[in-house]
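# A closer look at the structure
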Amino acid sequence: MLEKINQTAEYIRSRVDGQMPTTAIILGTGLGALVDHIDDKQYIPYTDIPNFPVSTVEGHSGNLIFGRLGDRRVIAMQGRFHYYEGYDMKQVTFPVRVFKALGVDTLFVSNAAGGMNPEFRVGEIMIITDHINLFPENPLRGKNYSELGPRFPAMTEAYDKNLIRLADSIAAELDIRVKHGVYVGTPGPTFETPAEYEYFRIIGGDAVGMSTVPEVIVANHAGIKVFGVSVITDLGGKDITEVPTHEEVQKAAMAAQPKMMEIMRKLVNRF
Ligand code: HPA
C-alpha cells in the first residue's frame, strides 16, 4: 500500500508544473461547475494515473485538476469513487492517501443528500458537522501503517470547527441561509425506504447519502482537516411518499450549485 501511494504521488509530481497544492477539493454532485473558476488548469485523467480506479458513474468525469482557485493552489477531483460502483473502501479512499503524500493538509468535500430533518427543504445547503458511518466496512480495516496514521484514530472533530465557523460567516455575508447537520453515510445504491429515512432520523441523522464518509475517515486518520457540505436534493421520512430519482437529485443539485460554489470559493481563499 505505501509503495503504491508513493508511486502514484511520484507520477503526479512528474506531471504537474509548479508547487504542489496543500488544499484538495472533491467535487461531488452540486459542485462540479467549480472547475470553471479554477485558473491555469492542468488535467490528469484518472486513466493515466497508476493505481487509480476509474470512475464509471453517470454525470461524473474522471480527472485530477491542478490549478488556482482565486489565490490558492488546489487539487480538484472531478469525479469520485463510490462504494456502490463496486470499489472497495481502500480504492474509494486511495486518492486521499495520495493527497496526503503530496502534502495536502486540508480537504473540502461536497455531496448530494436526502434530508430527514423535517426543517430541511430541497435545494438547501447543509454544512456537515458530524457523520454516522453505516458503510459495511471501515476503510481503515486491516493492517495499520503507522506512517499513515494511528491504529485507533479519534473522530471527535471529524469536520473542522474553525472551517465551519468561517463558512457560516461567509454564508451570512453572501446572504445564503445554510443548515448544519449530521450526515449518514450508507453504501447505496438504493435510496431509502420510508422506514429507513425515519430510522436514520431517530439515530441522529439530518441527511443521508452514499459517499463522503470513507474519504473523511481516511483524511482524519492522515491528519488532514476536513470541511464538508451537502446539497439537500430530496426529502425522506415515514410520511413522505415522493419517489427520489437520480435525475431529480442531479436537477436539485444543479439548482443549488451557484450558492454552494460561492461559499466554497470564498472559503478556500480565506481559511
Ligand atoms: N438517499 C441516499 N443518497 C442520496 C439521497 C437519498 O435520499 N439523495 C441524494 N443522495
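Here the structure is shown first, and the text comes after it.
Quick summary incoming for the structure in this document. (Residues numbered from 1 in each chain as written. Predicted model: local features only at pLDDT ≥ 70, side-chain atom pairs only at ≥ 80, totals over all residues. Heavy atoms only, no water.)

## Section: the pattern of salt bridges
Side chains bearing opposite charge may pair, as long as their charged atoms lie close to each other. Defined as follows: Salt bridges, as used here, are contacts in which a Lys or Arg side-chain nitrogen is within 4 Å of a carboxyl oxygen on Asp or Glu.
The final tally for this structure, using the stated rule, is 11 salt bridges. A salt bridge links Asp206 to Arg201; the shortest N-O distance between them is 2.9 Å. Overlapping salt bridges, with partners in common, bring together Glu124, Arg177 and Lys179 in one network.

## Thoughts on the packing of aromatic side chains
Put simply, the rule is: The rule is short: rings of Phe, Tyr and Trp, with Trp giving its six-membered ring, pair when the centres are within 6.5 Å, and they are stacked under 30 degrees, edge-to-face over 60, tilted in between. Here, a charge over a ring is recorded when the distance from Lys NZ or Arg CZ to the ring centre is within 6 Å and its angle to the ring normal is within 35 degrees.
For the structure on display, the rule yields 9 aromatic pairs. Pairing Tyr199 with Phe200 gives two aromatic rings, centres 5.4 Å apart and planes at 40 degrees, and the pair type is tilted. One aromatic cluster in this structure is built from Tyr46, Phe52, Phe81, Tyr87 and Phe94. When the ring centre of Phe271 is taken as reference, the NZ or CZ atom of Arg72 above it lies at 4.0 Å. The aromatic ring of Tyr145 is capped on one face by Lys143, whose charged end is 5.1 Å from the ring centroid.

## As for the site of the ligand
To keep things clear, this is the line we draw: If a single non-hydrogen atom of a residue is within 4 Å of a molecule or strand, that residue counts as near it. Two N or O atoms form a polar contact when they lie within 3.5 Å of each other; inside protein one atom must be a possible hydrogen donor and the other a possible acceptor, and for residues adjacent in sequence the pair counts only when both atoms belong to side chains. Residue-level accessible areas treat just the shown protein chains as cover; the underlying method is Shrake-Rupley with a 1.4 Å probe. Helix and strand assignments follow DSSP, with helices taken as H or I runs no shorter than four residues and strands as E runs no shorter than two, numbered in order from the N terminus. Ten residue types, Ala, Val, Leu, Ile, Met, Phe, Trp, Tyr, Cys and Pro, are classed as nonpolar, four, Asp, Glu, Lys and Arg, as charged, and the remainder, Gly among them, as polar.
Taken together, Ala112, Ala113, Gly114, Phe191, Glu192, Tyr197, Val208, Gly209, Met210, Thr233, Asp234 and Val249 make up the full set of residues adjacent to the ligand. Between the ligand and Ala112 there is a distance of 3.4 Å, counted from a nitrogen atom to a backbone nitrogen or oxygen. Burial of the ligand by the protein chains amounts to 96% of its free accessible area of 260 Å². Mapped onto the shell around the ligand, the elements with two or more residues apiece are strand S5 (106–115), strand S8 (207–209) and strand S9 (225–235). Here the shell around the ligand is composed, by residue class, of 7 nonpolar, 3 polar and 2 charged.

## Section: unusual backbone geometry
Rule in force here: When accessible area is computed with a 1.4 Å probe and restricted to protein chains, residues below 20% of their type maximum are described as buried, those above 50% as exposed, and intermediate ones as partly exposed.
For the peptide bond that leads from Gly188 to Pro189, omega is 0 degrees, which places it in the cis range. Examined against the element boundaries, Pro189 turns out to sit in the loop between strand S7 (178–185) and helix H4 (194–202). In this structure, Asp175 is a non-glycine residue whose phi angle is positive, near 60 degrees. Tracing the chain through its elements places Asp175 in the loop between helix H3 (161–173) and S7. On the basis of relative accessible area, Asp175 is assigned to the exposed category, the value being 70%. Of note in this structure, Thr212 is not a glycine but carries a positive phi near 70 degrees.

## Things to note about the pairing of strand S6 (residues 125–133)
Operational definition: DSSP bridges decide pairing: two strands pair if at least two such bridges lie between them.
In the sheet, S6 pairs with S7 via 8 bridges, with the strands oriented parallel. The residue of S7 that forms the bridge with Ile125 is Val178. Note that S6 and S9 share 3 bridges and pair antiparallel. Paired with Ile125 across the two strands is Val231, which belongs to S9.

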